[in-house]
Amino acid sequence: MKQIKKSIAVLLLLWSTAQTAFADTANEYLVVHLANGSQVSYMLEEKPVVTYDGPVIRVESAAVSDDHRMSEVEKRPKPKSRCIC
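Below: a short report on this structure. Given the structure is predicted, the values throughout are model-derived calculations rather than measurements.

Right, let's get into the side chain of Ser61. Within the element layout of this structure, Ser61 appears in the loop between β4 (56–60) and β5 (65–69). If near-sequence neighbours (up to four positions away) are discounted, Ser61 is found in contact with Glu46, Lys47 and Pro48.

See the structure below:
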């Protein structure tokens, strides 16, 4: 009987760990890459709004309001489009 209880406890632990991992990967994020190498992520589920005010980028949602100076944001090149003609 003890063995069955231990087996059930282990299975429940594994199941809860898998559910947590799956739930985290199911979310999508807006990621701001900063020039110092760090990243700031915003959950798209919270519907962040990005506005530009001169040299400042503002990201706002119900949960957060952040300002980033344009000079601090890493500028990534646009991906090259591939034409399949």
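With that out of the way, let us pick up the sheet that holds β5. An order of β3-β4-β5 is seen for the three strands of this open sheet, with the pairing classed as antiparallel. What marks the edges here is a single partner per strand, and that holds for β3 (49–53) and β5. Ignoring strand direction, the axes of neighbouring strands in this sheet form an average angle of 20°.

Below, the discussion takes up the pattern of salt bridges. Taken as a whole and assessed by the stated rule, the structure comprises one salt bridge. Between Arg58 and Asp67 there is a salt bridge; the shortest N-O distance is 2.6 Å. Judged by its relative accessible area of 34%, Arg58 falls in the partly exposed class.

For the largest pocket, the calculated volume is near 230 Å³. Together, 13 residues line the largest pocket, and Val32, Tyr52, Ile57, Val73 and Glu74 are the ones closest to its centre. Of all the secondary structure elements, the ones that give two or more residues to the lining of the largest pocket are β1 (29–33), β3 and β4. It is β1 that provides the largest number of residues to the lining of the largest pocket, a total of four residues. When its residues are assigned to classes, the lining of the largest pocket shows nine nonpolar, one polar and three charged.

Another point: the pairing of strand β2 (residues 39–43). In terms of strand pairing, β1 meets β2 through five bridges, oriented antiparallel. Across the sheet, Val32 pairs through a bridge with Val40, a residue of β2. In this structure, the hairpin formed by β1 and β2 is closed by a connection of five residues, where Gly37 is found at a positive phi of approximately 95°.

Reading the values: rules and limits
Residues numbered from 1 in each chain as written. Predicted model: local features only at pLDDT ≥ 70, side-chain atom pairs only at ≥ 80, totals over all residues. Heavy atoms only, no water. Helix = DSSP H or I, 4+ residues; strand = E, 2+ residues; numbered from the N terminus. Contact = heavy atoms within 4.5 Å. Pairing = 2+ DSSP bridges. Axes fitted to C-alpha atoms, helices over the stretch in contact; angles between N-to-C directions. Salt bridge = Lys/Arg side-chain N within 4 Å of Asp/Glu carboxyl O. Buried < 20%, exposed > 50% of the residue type's maximum accessible area, 1.4 Å probe, protein only. 1 Å grid on protein atoms, 1.4 Å probe; cavity = no way out; pocket = protein on both sides within 12 Å on 5 of 7 lines; lining within 4 Å. Points joined across faces, edges and corners; volume = space filled by probe spheres on them. Nonpolar A, V, L, I, M, F, W, Y, C, P; charged D, E, K, R; others polar.

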